[in-house]
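A closer look at the structure
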Amino acid sequence: MQSEKNNTSDRELLLSRLLDAPVELVWEVWTHAEHIANWWGPDGFTNTISKMDLRPGGEWDLVMHGPDGTDYKNKSIFREVIQHKKIVYEHVSAPKFTATIQFERQGEKTLLTWHILFESREVFLQTVKTFKADEGLKQNIEKLNHYLAVQKQTNG
């Protein structure tokens, strides 16, 4: 019998998407503040990134500006960074969660897998209910995909 501690399905979000861009470009727009500020967050949000120290133990400070004028301060600590493969960060401001983003080369495309594990089922439910985090994650990946298409045209 599996222990309750190991079953995390009631407090996680998982989304995979095949992006029409090479892994090097996906990595670049994921790891540079000047890029990520342009696509991060749900529809209608803009961002200000004051710090993005992409290394284990490095801080990521981001303010998401909602369409209604509300500012959402986010502080994260990078836990693992493997170039062109994986980023793990711990979101240390509320709501608390750990995000794992995996980048898998598939020819000239990239399979992106985004896994968010919330601190508890209660935090997960509250975040999905209040902030519609499940829909927000889908919108985030759509915005990333669109931004990648623009970058490919600009750089291609």
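The model shown is predicted, which means the values in this text are computed figures rather than measured ones. (Residues numbered from 1 in each chain as written. Predicted model: local features only at pLDDT ≥ 70, side-chain atom pairs only at ≥ 80, totals over all residues. Heavy atoms only, no water.)

A few words now on the overall build of the protein. The helix and strand inventory of the protein stands at four helices and seven strands. Over its C-alpha atoms the protein spans a radius of gyration of 16 Å, differing by no more than 12% from the 15 Å that the globule rule assigns to 156 residues. On the principal axes, the C-alpha backbone points of the protein span a range of 50 × 40 × 30 Å. Within the span of the protein, comprising 156 residues, buried residues form 42% of the whole. At a minimum sequence separation of 6, the contacts of the protein that also span at least 24 residues come to 46%. Summed over all atoms, the accessible surface of the protein reaches about 8800 Å², with 50% contributed by carbon and sulfur. For the protein, the separation between the mean place of its 19 positive charges and that of its 22 negative charges on side chains is 2 Å. (Helix = DSSP H or I, 4+ residues; strand = E, 2+ residues; numbered from the N terminus. Rg over C-alpha atoms; globule rule 2.2 N^0.38 Å. Buried < 20%, exposed > 50% of the residue type's maximum accessible area, 1.4 Å probe, protein only. Contact = heavy atoms within 4.5 Å. Areas by Shrake-Rupley, 256 points an atom, 1.4 Å probe, with all protein chains shown as cover. Lys, Arg positive; Asp, Glu negative; His and termini not counted. Charge placed at Lys NZ, Arg CZ, Asp CG, Glu CD.)

Time to look at the packing of aromatic side chains. Under the criterion given, the structure shown has 17 aromatic pairs. Summarising the aromatic geometry, the rings of Trp 30 and Trp 40 are spaced 5.4 Å apart at their centres and angled 80° between planes, so their arrangement reads as edge-to-face. Here Trp 40 lies in the loop between helix 2 (33-39) and strand 2 (46-52) and Trp 30 lies in helix 1 (residues 23-31), a separation of 10 residues in the sequence. For the pair shown, Trp 30 and Trp 40 are each scored as buried. Consider the rings of Trp 40 and Trp 114, whose centres lie 5.6 Å apart with planes at 40°: the pair is tilted. With Trp 40 in the loop between helix 2 and strand 2 and Trp 114 in strand 7 (residues 109-118), this pair connects stretches of sequence that are 74 residues apart. Each of the two residues, Trp 40 as well as Trp 114, counts as buried. (Phe/Tyr/Trp six-rings, centres within 6.5 Å; stacked < 30°, edge-to-face > 60°.)

Glancing now at the nonpolar core. For soluble globular proteins, nonpolar side chains are generally found buried alongside one another. Membership of the largest hydrophobic core comes to 37 residues, with the highest contact counts inside it found for Trp 30, Trp 40, Trp 60, Tyr 89, Leu 112 and Trp 114. Here this core spans two domains, since at least three of its residues come from each of domain 1 (12-119) and domain 2 (124-156). In this view, Leu 112 contacts Leu 15, Ser 16, Arg 17, Leu 19, Val 26, Trp 30, Ile 101, Gln 102, Phe 103, Ile 141 and Leu 144; residues no more than four positions away in its chain are not counted. (Core = buried A, V, L, I, M, F, W, Y, C linked by side-chain atoms within 4.5 Å. Domains from an automatic or database assignment.)

What follows is about the sheet that holds strand 3 (residues 59-65). Read across the sheet, seven strands follow the order 1-7-6-5-4-3-2 without closing on themselves; strand pairing throughout is antiparallel. The sheet is open, and its two edges are formed by strand 1 (12-19) and strand 2, each paired on a single side. Strand-to-strand, the axes of this sheet are offset by a mean angle of 20°, without reference to chain direction. Both strand 2 and strand 3 contribute to a ladder of six bridges, which runs antiparallel. Paired with Thr 48 across the strands is Val 63, a residue of strand 3. Together, strand 1, strand 2, strand 3, strand 4 (71-82), strand 5 (86-91), strand 6 (97-106) and strand 7 form the strand contacts of helix 1, whose direction differs from that of strand 6 by roughly 155°. Strand contacts of helix 4 (residues 133-155): strand 1 and strand 7, with the helix running at about 20° to strand 1, the strand carrying the most contacts. (Pairing = 2+ DSSP bridges. Axes fitted to C-alpha atoms, helices over the stretch in contact; angles between N-to-C directions.)

A few words now on the domain arrangement of the protein. The domain architecture assigned to the protein consists of domain 1 (12-119) and domain 2 (124-156). Averaged C-alpha coordinates put domain 1 and domain 2 at centres separated by 10 Å. Opposite the 26 residues of domain 1 that make contact, domain 2 presents 19 residues. The junction of domain 1 with domain 2 conceals about 2300 Å² of combined surface from both sides, 70% of it contributed by carbon and sulfur atoms. Viewed at the interface, domain 2 and domain 1 are joined by two salt bridges. Of the charged contacts in the structure, one is a salt bridge between Arg 17 and Glu 142, with a shortest N-O distance of 2.3 Å. (Buried area = accessible area lost by both parts, 1.4 Å probe. Salt bridge = Lys/Arg side-chain N within 4 Å of Asp/Glu carboxyl O.)

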